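Here is what each chain is made of, one letter per residue.
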Amino acid sequence: MKHASDVVSNEEIAGWIEEIASFGYRRPGTLADSKAEEYIVKKFEEFGLTDVEKQPYQILKWEARDWKLTVGKNEIPCFHTPNTGFTDEDGVEAEIVYLGDGTAKDFEGKNVKGKIVLMNVRFPMLQASLLEKLAFFVWDPEKTLKDFAHPTAWIYPNWWGAYWHACTQKAAGIVGILADYPTNENRVYIPYFGPLNQEIPEWFLAHLGLPGQLPGWIPGLWVARKDGAELVKDLHKAKGSLKAHLILTGDVEPATTHNIVALLPGQTEDTIVVHSHHDGPWNSAVEDASGVAEVLAVAEHFTKISLSEREKTLVFLSTGTHFGGPARGDITFIESNPDIMQKLVMDVCIEHIAQDFDAEQGEWVDTGLPEPRGVFTQGGSEEATSNLVYSLAVEAEKYDLQRFIVLPGTTPLGVPTDAMAFYRAGYPLYSCISGPEYLFDPCDNLDKVAVDQLNPVAAAFIGAIKKVDKANRSEIRGH
């Protein structure tokens, strides 16, 4: 692993991550997330950025107060399914209907009105070997990617379909068994967008494969795989006749969050945005204190470079509400800053500097390797894309960024990152992300951060940004 002496050290970047994570659960609109915002502002100002702005916007904050699942005399350990509906204080008592994986076929001929749907939540497998086939470039000199595969705890398509059907048919509630989750954990913060009674964008409904807006929001709970398996056994023993008592109380209320925007003028008004998001479901060191810290590292470096060496204007951005709606913070930034967007050449998004952990006997075990990371890269033309890929590939090899995969935005995944809105708006991008299994799990603490990668990743993107800085606008945008 190679390090850059002119870029802030691994230890200092890790210190920033630890401080952000120490604020607590940074869900949008919370005090902890507000503390993170103030921290980022302070850091930008410490670096010498004078044009730092907190751009406010209104959100709906979803917050659970109490949740419980009781079957007969047994209380089943559970966790609230975020951004679903609420019951009153008494909850609902209803018959359980087990629908397997909750597919449309599973719902056929079943009467779920007024009942509690029980179903398995399935996570597709992420296989690095398949990503390699789609890639522009792969840096994996030790060949560690060939056998890499794990469940994607951040992709759960069958739950959305089941939830839509359950809402449509006016079920009393839904209980998802985290059947593929690698540990026996029920505290997984998915779905991470909503909240209740806020419309989901039509393009995202299409992405989820849903035929339209959800017709109502019913309460949902998660149960761990072992507890869920026992519940299914009990249901079979009872010949499908069991009642459950489900409680999920909470509030949805207006709140304010902010996009943090800092400007570093260049010799021209052509602009590069460098960003990540500051909110997270838990202390969330990887998701995404690590991304914010990388943006800080890039900002710290460029503020030390004289104006005569910087062609383009740089905008450093930390968005809110990644966990409050599909690309909500980015969309708000794009809509609120037409002057910046008119001059924007490229977006650079850095997320999740993660260590690879495998689950062994229900415990997370460090593999000693970084989690594989994909960088979605797209220019304004085929030639521009080739130039961007080459520039990044040079930096990846220079800093020996193991398990590094450069992908087009046109893969079946699209661009499933915080740069999604920039990509959909047609802007060139580098969007770096990894998807560890524990991403939305409360175990996401500093030990999950790939600390030895922090300086090299920042250095590689600084190098790539410098190449974009010297390029003509048309070489990146294609026009």
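As a reminder, the structure under discussion sits directly above these lines.
First things first, this report covers the structure right here in the doc.

What counts and how
- Position numbers for residues count from 1 along each chain, tracking the sequence in the order it is written.
- Residues qualify for local features only when their pLDDT is at least 70, as the model is predicted, and side-chain atom pairs are given and counted only at 80 or more; totals for whole chains, interfaces and linings, by contrast, use all residues.
- Working from all heavy atoms in the structure, the side-chain values ignore hydrogens and water.
- Only buried Ala, Val, Leu, Ile, Met, Phe, Trp, Tyr and Cys residues count toward a nonpolar core, and they belong to the same one when joined by side-chain atoms within 4.5 Å.
- Think of it in three bands: residues with accessible area under 20% of the maximum for their type are buried, residues over 50% are exposed, and the middle band is partly exposed, with areas taken using a 1.4 Å probe on protein chains only.
- Starting at the N terminus, helices and strands are each numbered in turn, a helix being any DSSP run of H or I of at least four residues and a strand any DSSP run of E of at least two.
- Residue contacts follow a heavy-atom distance rule, with two residues in contact if any of their heavy atoms lie within 4.5 Å.
- A side-chain nitrogen of Lys or Arg and a carboxyl oxygen of Asp or Glu constitute a salt bridge if their distance falls within 4 Å.

**Structural notes on the nonpolar core**
Of all hydrophobic cores here, the largest spans 150 residues; its most connected members are F44, F316 and Y430. Sorting elements by how many residues they give to this core places helix 8 (residues 285-302) first, with 11 residues. Contact partners of F316, with chain neighbours within four places excluded, come to F44, L49, I260, V261, A262, L264, V274, V295, V298, A299 and F302. Formed by 13 residues, the second largest nonpolar core is a distinct cluster that contains V273, I334, I340 and F422.

**What about unusual backbone geometry?**
Most of the time, phi is negative for any residue but glycine, and the peptide bond is trans. P191 follows I190 through a cis peptide bond whose omega is -5°. Here P191 is to be found in the loop between strand 9 (173-178) and helix 6 (202-208). The omega torsion across E287 and D288 is -5°, close enough to zero to call that bond cis. Along the chain, D288 turns up in helix 8. If you check the backbone angles, N83 has positive phi at about 65° while not being a glycine. Among the secondary structure elements, N83 is positioned in the loop between strand 3 (79-80) and strand 4 (92-98). One non-glycine residue with positive phi stands out, namely R403, at about 60°.

**With respect to the pattern of salt bridges**
Under the defined criterion, the tally for this structure stands at 18 salt bridges. For K54, the salt bridge goes to E38, with nearest N and O atoms at 2.4 Å. Of the two residues, K54 sits in strand 1 (residues 51-71) while E38 sits in helix 2 (residues 31-46), which places them 16 residues apart along the sequence. Residue class for K54 comes out partly exposed when judged on its relative accessible area of 28%. For E38, a relative accessible area of 40% corresponds to the partly exposed category. K233 is the salt-bridge partner of E230, the closest N and O atoms lying 3.7 Å from each other. With E230 and K233 both in helix 7 (residues 225-237), this residue pair falls three residues apart, about one helical turn.

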